[in-house]
Amino acid sequence: MSRLSDLVSSYYEPRMRLPEWFDRLASLGIVTSDPKVARRQRFTNVASYLGVLNTSARFIQNFSHDFENMFFVQAIVGFYLLWALIIHRLHRFGDNVAAVALVIWFVSGLTLVVVLFGLQSGAQYYFVAAGVILIMYGVEHWRLFLVTFVGILVVALVVLNYGHQEGVALAAGAPLVGRLQVQAIVITLLINNVVIAYALVVLRRAERGLKRQSARADALVSVVLPERIARRLRAEPDRRIADRIDGISVLFADLSGFTAAAHRLPPEAIVAYLGELVAAFDGMCAEHGVEKIKTIGDAYMAVAWLNGDKAASAVAIGRFALAMLDAQARRPPLGEHRLSLRVGIHTGTAIAGVIGDTRVTYDVWGDAVNIASRMESHGVPGRIHVSEAYRRAAAGAFAFEERGDTEIKGIGSAHTYFLLRAAEGA
Amino acid sequence: MTRLRDLLRFQGAPRVRMPRWVDRIISAGIIARDPQLVRRQRIANVAALAGAFNTSTRFVANLFYDPQNFLLMEVIFAALTVAALFIHRLHRFGENAAAWVLTFWFIFGVSSSAIFYGLQAQAHVYFVLAGIVWVVFGLENWRQALVALGLLCTAIFLIMAFTPQQGIAIIADQSAISFLATQSIINSVLVNAAVLCYALVVLDRTEQDLESESARADALLSVVLPETVAARLRADPQARIADRLDGLTVLFADLVGFTRAAHDQPPEAVAAYLDDTVRAFELLCETHGVDKIKTIGDSFMAVGGLGGSERSGAVGIARVALAMQEAQGRRPALGGRELDFRVGIHVGSAVAGVIGETRIAYDLWGDAVNVASRMESYGVPGRIQVSEEYRTLLGSEFLFEERGTTDIKGIGCTSTFFLVGPRAH
């Protein structure tokens, strides 16, 4: 049974919590309120920090090596270090400003490294990571990505074709060369793995969320409509649902004296009392194979129609009615009033269908419903008042007591009965 | 207005449809049903096809260059091409059979190229594509993906540490080496970008679907409950909705003689008549800013003043009642009978709340409801009977006609009025 309280909140899977300092660091300079843009910009920030790390490591590493023109090399590296450091401050100028600045930093930086240290440094391997840029731009900016990507391809082709094995600042065969190449391959490999794994983790979370929301929506539909009716509506949304049902048993149960008892009580107490009662009845419906139609104020309406088996339906609703009386007898009083149920049942013909488009209800109406309602209103508190038609349908399953002829509004004089208990041996 | 029928089925973001033949090629050999597994295996198929393309073009290029010198590599490339073309047939042997074979195929292909051409040809750059293992194995098989990644990293280490710049093949032409190197890097850039783009596009689509599905569920909730109540429940699902509300105007309207008229009609006609009536009623409620509470068979219940002031709710209800009467006059007969609304209105206080677990409903209980219901049941077909309180509230804006004193069950003797129409100014 789908419970409403489980369905109302759009519950998301708890995500892995990052340490707060990391979160703050990753969110530096982000001003947007769109969570998707913020996510992209955080990604750009983290990428720029990795750039800072890489450049500063290079800056320090350079001191341990003797370059042709150390001052010139270090000035360039220092400039790129500063550039990477201010990337996060660019978000305020536009969604993709920081990302574009980082891309230019990346491409021009790589080109410079190839010029300074030569193709032997392996810096050109980093070009392989160019696809990562799409995360920073977002899929919706695929045009910008395409332009950038083609630009990078052109730069890569130029660098690869016109670059020399040895660079301006680093002669061929220097001891640093092998290390630089391994470094370039390993870092590119790492970046790729992290990015792909990250995208897949987020994707999996989104797919799980989607499944949950789908189930939630479907469950909400079944809170409103019986599942078989929902299925028919799903298949043909514009088809009107209206079925003539013969041999349906209809039950009305009213809390007699409820209005008087509720008069001076706080609303929470009243709704709590009714809510618990109705929840208990709802649970019993499922147990007895009875279908709840609705509550009308302090009245509860249910029907039974088990695959057209008139007798089985009548028996099911009779057992349900006895269980209702039993449940009500064990409930605490409301205020000072001990309330009892007045139940009416009838078996007959009705029309069942879905009416309306907002506050939609699956409803049953027709003679059977009217007579059942009259059985209830002309009944006696604490007893189950049934029509002759019902007694005949459920004969053998229950013990009945004759009430005699009763004058019933809209029907005239009718012979009615009280349902007492399950028959011996039934 | 949120319509239930629009919400029953989920409509996701439109998908790009690939031509049938592309779809067939990509899905070759896949027997799995789990959509996520199918997706992984399709990626493995595409990767295998891309690999076959790469090795076969290499094979052809070598034919034109120096087939004698490259004979060993030609045999290897031919074998790799054929092997790649059979990878899609491995899916039947297990979820990850193709992924594993693809991993070894890749390691063997790249390593042999690196050994053959030497590091100078940069074939080892292809190894940076190793991140694809996450896509073909799937996150759920992260252990296997890690093992595959470990194997790839070992291969990289061995190749970079022990392979000479100059390979087995003696290539004198520096431009040929440069061409090979460029090709390795550009190919890697392209393949890598394609994989990332694919992953991100799928992610983006899924997130869009997630958003619209979540919105659908929220909209469904407001089909069941008034929006204000739905919002309160969303904020706190455990909250018990129970409010004592004063100054509520409650309307009951009953289609007099409906049951008798419906008696010998086909169910479709009866439901159609009722459904049209209810939809018109819903529309009127929306237009005049009052809340439909429910229909009870052939009688309707609405309440004004839930969101706004007592007066605006009372006025809205009066307009709905008058418009209902007017619209009903123009409706066709049901089974040869003209049906009239008998309307009852009262203003007072009630308790409003949500009860039940299934077929839940927002409902009202209390004096306002009981008196309004009596106003209806003791009313006159085609007329709108209202209580004295209601007339007092709206006496300056609407015309009323005194009915006199009526003895009403549960209330006693009380004077009631008929609502006639708006007062002309």
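Here the focus is the overall build of chain A. Helices and strands together make up the secondary structure of chain A, namely 14 helices and 8 strands. Principal-axis analysis of the C-alpha atoms gives chain A an extent of 120 × 45 × 40 Å. Residues counted as buried form 53% of the 426 residues belonging to chain A. For chain A, contacts bridging at least 24 residues in sequence account for 70% of all contacts bridging at least 6. Surface summary for chain A: the accessible area is close to 19,100 Å², and the carbon and sulfur share equals 60%. Between the mean site of the 43 positive side-chain charges and the mean site of the 37 negative ones, chain A shows a separation of 4 Å.

Across its full length, chain B holds 14 helices and 8 strands. For chain B, whose C-alpha radius of gyration is 38 Å, the value lies well above the compact-globule estimate of 22 Å for 425 residues. Based on the C-alpha atoms only, the size of chain B along its principal axes is roughly 115 × 45 × 40 Å. If you take every contact in chain B between residues at least 6 apart in sequence, the share linking residues at least 24 apart comes to 69%. With an accessible surface of roughly 18,800 Å², chain B has 59% of that area assigned to carbon and sulfur atoms. Here chain B contributes 38 positively and 41 negatively charged side chains, and the mean placements of these two sets differ by 5 Å.

All names here are of chain B. Of note in this structure, Gln122 is not a glycine but carries a positive phi near 65°. For Gln122, the location among the structural elements is in the loop between helix 5 (97–117) and helix 6 (133–137). Looking at Gln122, the relative accessible area reads 7%, which means it is buried.

Turning our eyes to something else, we now look at the packing of helix 3 (residues 35–65) of chain B against helix 4 (residues 71–86) of chain B. All names here are of chain B. The geometry of helix 3 relative to helix 4 is characterised by a closest axis approach of 8 Å and an angle of 155° between their N-to-C directions. Here helix 4 runs roughly antiparallel to helix 3, going by the angle between their axes. The element helix 3 and its partner helix 4 pack so that their crossing is left-handed. Taking contact as the criterion, the partners of Ala48, Leu49, Ala52, Thr55, Ser56, Arg58, Phe59, Asn62 and Leu63 in helix 3 are, on helix 4, Glu74, Phe77, Ala78, Leu80, Thr81, Ala84 and Leu85.

Residues and elements named next belong to chain B. Overall, the coordinates contain 29 salt bridges over all chains when judged by the stated rule. Arg40 is the partner of Glu140 in a salt bridge, and the nearest nitrogen-oxygen pair spans 3.6 Å. With a gap of 100 residues between them, Glu140 in the loop between helix 6 and helix 7 (142–162) and Arg40 in helix 3 connect regions that are remote in the sequence. For Arg40, a relative accessible area of 7% translates into the label buried.

One frequently used descriptor of interface size is the decrease in accessible area upon assembly of the parts. Every contact between the two is made by 109 residues of chain A and, on the other side, 110 residues of chain B. For the pair chain A and chain B, the summed buried surface comes to about 9,700 Å²; carbon and sulfur atoms form 64% of the total. Between chain A and chain B we count 4 salt bridges in total. Between Glu207 of chain A and Arg39 of chain B there is a salt bridge, with the nearest N and O atoms lying 2.8 Å from each other. For the pair chain A and chain B, the interface holds 16 residue pairs in polar contact (both at pLDDT 80 or more). If you tally residues by element for the side of chain A that touches chain B, the top one is helix 8 (residues 176–224) of chain A, at 30 residues. Tallied by class, residues from the side of chain A that touches chain B come to 60 nonpolar, 24 polar and 25 charged.

The next subject is the confidence of the model for chain B. Residues with a pLDDT of 70 or more make up 96% of chain B, whose mean pLDDT is 86. Overall fold confidence (pTM) sits at 0.73, and the ipTM for the predicted complex is 0.72.

Let us look at helix 11 (residues 267–288) of chain A. Its 22 residues place the ends of helix 11 of chain A 31 Å apart at the C-alpha level, agreeing with the 32 Å of an ideal helix rising 1.5 Å per residue. Note on helix 11 of chain A: the residue one or two positions beyond its end, Gly289 of chain A, has a positive phi of about 70°.

All right, on to the side chain of Asn96 of chain B then. Residues and elements named next belong to chain B. By the element assignment, Asn96 lies in the loop between helix 4 and helix 5. Classification of Asn96 as buried rests on a relative accessible area of 7%. Within the local environment of Asn96, its side chain forms a polar contact with the side chain of Arg40, the two groups lying 2.9 Å apart. Other than its neighbours up to four places away in sequence, Asn96 contacts Arg40, Val136, Phe137, Asn141 and Gln144.

Below, the discussion takes up the packing of aromatic side chains. For any pair of aromatic rings, the description consists of the separation of the ring centres together with the inter-plane angle of the planes. Applying the stated criterion across every chain yields a total of 19 aromatic pairs over all chains. Seen in terms of ring centroids, Phe281 of chain A and Tyr300 of chain A are 5.3 Å apart; in terms of plane orientation they differ by 75°. Their pairing is edge-to-face. Of this pair, Phe281 of chain A sits in helix 11 while Tyr300 of chain A sits in strand 3 (residues 299–304); the two residues are 19 residues apart in sequence, bridging distant segments of the chain. Take Tyr300 of chain A: its relative accessible area is 3%, and that puts it in the buried class. Between Tyr390 of chain B and Phe400 of chain B, the ring centres sit 6.3 Å apart and the planes meet at 85°, which makes this aromatic pair edge-to-face. With Tyr390 of chain B in helix 14 (residues 388–394) and Phe400 of chain B in strand 7 (residues 398–408), this pair connects stretches of sequence that are 10 residues apart. Here Tyr390 of chain B matches Phe400 of chain B in class, with each residue buried. Directly above the ring of Tyr417 of chain A sits Arg391 of chain A, whose terminal nitrogen or CZ lies 4.6 Å from the centroid. Between the NZ or CZ atom of Arg331 of chain B and the centre of the ring of Tyr273 of chain B, over which it lies, the distance is 4.4 Å.

The rules behind the values
Residues numbered from 1 in each chain as written. Chains lettered and ligands numbered in written order. Predicted model: local features only at pLDDT ≥ 70, side-chain atom pairs only at ≥ 80, totals over all residues. Heavy atoms only, no water. Helix = DSSP H or I, 4+ residues; strand = E, 2+ residues; numbered from the N terminus. Buried < 20%, exposed > 50% of the residue type's maximum accessible area, 1.4 Å probe, protein only. Contact = heavy atoms within 4.5 Å. Areas by Shrake-Rupley, 256 points an atom, 1.4 Å probe, with all protein chains shown as cover. Lys, Arg positive; Asp, Glu negative; His and termini not counted. Charge placed at Lys NZ, Arg CZ, Asp CG, Glu CD. Rg over C-alpha atoms; globule rule 2.2 N^0.38 Å. Axes fitted to C-alpha atoms, helices over the stretch in contact; angles between N-to-C directions. Parallel < 35°, antiparallel > 145°, perpendicular 65-115°, else oblique. Left-handed = near helix turned anticlockwise from the far one by under 90°. Salt bridge = Lys/Arg side-chain N within 4 Å of Asp/Glu carboxyl O. Buried area = accessible area lost by both parts, 1.4 Å probe. Polar contact = N/O pair within 3.5 Å; in protein donor to acceptor, adjacent residues only side chain to side chain. Nonpolar A, V, L, I, M, F, W, Y, C, P; charged D, E, K, R; others polar. pLDDT = per-residue confidence, 0-100. Expected span 1.5 Å × (residues − 1). Phe/Tyr/Trp six-rings, centres within 6.5 Å; stacked < 30°, edge-to-face > 60°. Lys NZ or Arg CZ within 6 Å of the ring centre and 35° of its normal.

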